[in-house]
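Chain by chain, the residues:
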Amino acid sequence: MSVKLAVVMDPIKAINFKKDTTLAMLLAAQERGWDIWYIEQDCLYLDHGVAMAEMQVLTVRYDPLDWFTLGERIRRPLAEMDVVLMRKDPPFDNEFIYSTYILEAAETQGTLIVNKPQSLRDCNEKVFATLFPQCTPPVLVSRKAILLREFYAQHEDVIFKPLDGMGGSNVFRVKPGDPNVSVIIEILTTHGKHQIMAQKFIPEIAQGDKRILMIDGQHVGYALARIPAHNETRGNLAAGGIAKGVELTARDRWICEQVGPTLKAKGLIFVGLDVIGDYLTEINVTSPTCARELNSTFGLDIGGDLMNCIAQKLGKT
């Protein structure tokens, strides 16, 4: 029996063909003969409590010049889908939250949502990591300048970052004796109005910020180390980092073991852990990337592994 899969994503015409993880997922679903439907975020709606969407049949191809075809847009209940992939990139704003409410309405009618809407709301990608203090570096979440300055005074070399950023945006490294620490705190907290994160600087960032993908609580076996450009603190590819596939260390595997059961329990089926040196720094739950790079480097099929997991959960293996 064919699976009906819908995907909520940013405009498919604007994706990076070579790197897009969502495309890898869709290609894997299509190879299994599944029916694929395409939805943009503004096409989700509730009609008398029924989760609906304006959706289009989607066909995808391994063609860098012509990778998709869309059918006519029609209105259908989301409950007619077996599974919906929520792959809308941040920002995690009110519109994102409203989308999870709509997806949750479909979930109550039996549709599998990847990832679970409640957990998307509950698990801020930076704060979520603090549930595992045995895995993280010293970290503080606060909007109070005095607490943030005390953390800086204690650890001397720290990272300050917003809780809602992505791609390394607005991430500051403050070294010992930096005269700008107060103004950085003022800017990031908007003079004490917004919570931010302070994290002890991890020098091993020079060897890369490792992305470890997890499927239903299990790692895929390898990591993608995102190595900062020269004179850069951030390893994010969006900030100019260079990608290098690496084996998981014993510590990496231990971190995965610590985090995996919680991911599984929360219905977070596809997740990206960020690890620098020996420390877990973030848990990406919204739209983790790097599958294409890992696939090409190590001969993996992460999208296919995810579809196998989904089929198993649907009882359609």
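Above this text you will find the structure in question.
Every value quoted in this text rests on a predicted model; they were computed, and no experiment measured them. (Residues numbered from 1 in each chain as written. Predicted model: local features only at pLDDT ≥ 70, side-chain atom pairs only at ≥ 80, totals over all residues. Heavy atoms only, no water.)

1. Section: the overall build of the chain
Right, on to step 1. A count of helices and strands for the chain gives eight helices and 18 strands.
Right, on to step 2. Taking 317 residues into account, the globule formula puts the C-alpha radius of gyration at 20 Å, and the chain, at 20 Å, falls close to it.
Right, on to step 3. Of all 317 residues assigned to the chain, the portion counted as buried reaches 50%.
Right, on to step 4. Partitioning the intrachain contacts of the chain with sequence separation of at least 6 by distance along the chain shows that 66% fall at a separation of at least 24.
Right, on to step 5. For the chain, the accessible surface area stands at approximately 14,500 Å², while carbon and sulfur atoms represent 50% of it.
Right, on to step 6. Averaging the coordinates of the 34 positive side-chain charges in the chain and doing the same for the 39 negative ones gives two points 2 Å apart. (Helix = DSSP H or I, 4+ residues; strand = E, 2+ residues; numbered from the N terminus. Rg over C-alpha atoms; globule rule 2.2 N^0.38 Å. Buried < 20%, exposed > 50% of the residue type's maximum accessible area, 1.4 Å probe, protein only. Contact = heavy atoms within 4.5 Å. Areas by Shrake-Rupley, 256 points an atom, 1.4 Å probe, with all protein chains shown as cover. Lys, Arg positive; Asp, Glu negative; His and termini not counted. Charge placed at Lys NZ, Arg CZ, Asp CG, Glu CD.)

2. Here we look at unusual backbone geometry
Right, on to step 1. Look at the link from Pro-90 to Pro-91: it is a cis peptide, with omega at 25°.
Right, on to step 2. Note on placement: Pro-91 falls in the loop between β7 (83-87) and α2 (94-107).
Right, on to step 3. In this model, Val-114 is joined to Asn-115 through a cis peptide bond whose omega is 5°.
Right, on to step 4. The residue Asn-170 is not glycine, and still its phi comes out positive at about 60°.
Right, on to step 5. Of note, Cys-290 is a non-glycine position whose phi angle comes to about 90°, a positive value.
Right, on to step 6. The residue Cys-290 is located in the loop between β18 (279-284) and α7 (291-298) in this model.

3. Examining the packing of helix α1 (residues 21-31) against helix α8 (residues 302-314)
Right, on to step 1. Two elements in contact, α1 and α8, have axes whose closest approach is 8 Å; the angle formed by their N-to-C orientations is 60°. Between α1 and α8, the crossing angle belongs to the class labelled oblique. Note that α1 runs across α8; the crossing there is right-handed. Within the contact between the two elements, α1 uses Ala-24, Met-25, Ala-28 and Ala-29 and α8 uses Gly-303, Gly-304, Leu-306 and Met-307.
Right, on to step 2. The class makeup of the residues in the contact of α1 with α8 is six nonpolar, two polar and no charged. (Axes fitted to C-alpha atoms, helices over the stretch in contact; angles between N-to-C directions. Parallel < 35°, antiparallel > 145°, perpendicular 65-115°, else oblique. Left-handed = near helix turned anticlockwise from the far one by under 90°. Nonpolar A, V, L, I, M, F, W, Y, C, P; charged D, E, K, R; others polar.)

4. Focus on the nonpolar core
Right, on to step 1. Ranked by size, the top nonpolar core spans 42 residues in total, and within it Ile-39, Leu-78, Leu-263, Leu-273, Leu-280 and Ile-283 carry the most contacts.
Right, on to step 2. It is α2 that provides the largest number of residues to this core, a total of five residues.
Right, on to step 3. Look past the residues within four positions of Leu-263 in its chain and what remains in contact with it is Phe-128, Met-214, Leu-268, Val-271, Leu-273 and Ile-283.
Right, on to step 4. Within the second largest apolar cluster, 38 residues are counted, among which are Leu-27, Val-60, Val-83 and Cys-309. (Core = buried A, V, L, I, M, F, W, Y, C linked by side-chain atoms within 4.5 Å.)

5. So, the state of the cysteines
Right, on to step 1. Tallied over the entire structure, the rule returns zero disulfides.
Right, on to step 2. Unpaired in this structure, Cys-290 has its nearest cysteine sulfur neighbour in Cys-256, at a distance of 14 Å.
Right, on to step 3. With no disulfide of its own, Cys-309 has Cys-256 as its nearest cysteine by sulfur position, at a separation of 16 Å.
Right, on to step 4. The class of Cys-309 is buried, set by a relative accessible area of 9%. (Disulfide = S-S within 2.5 Å.)

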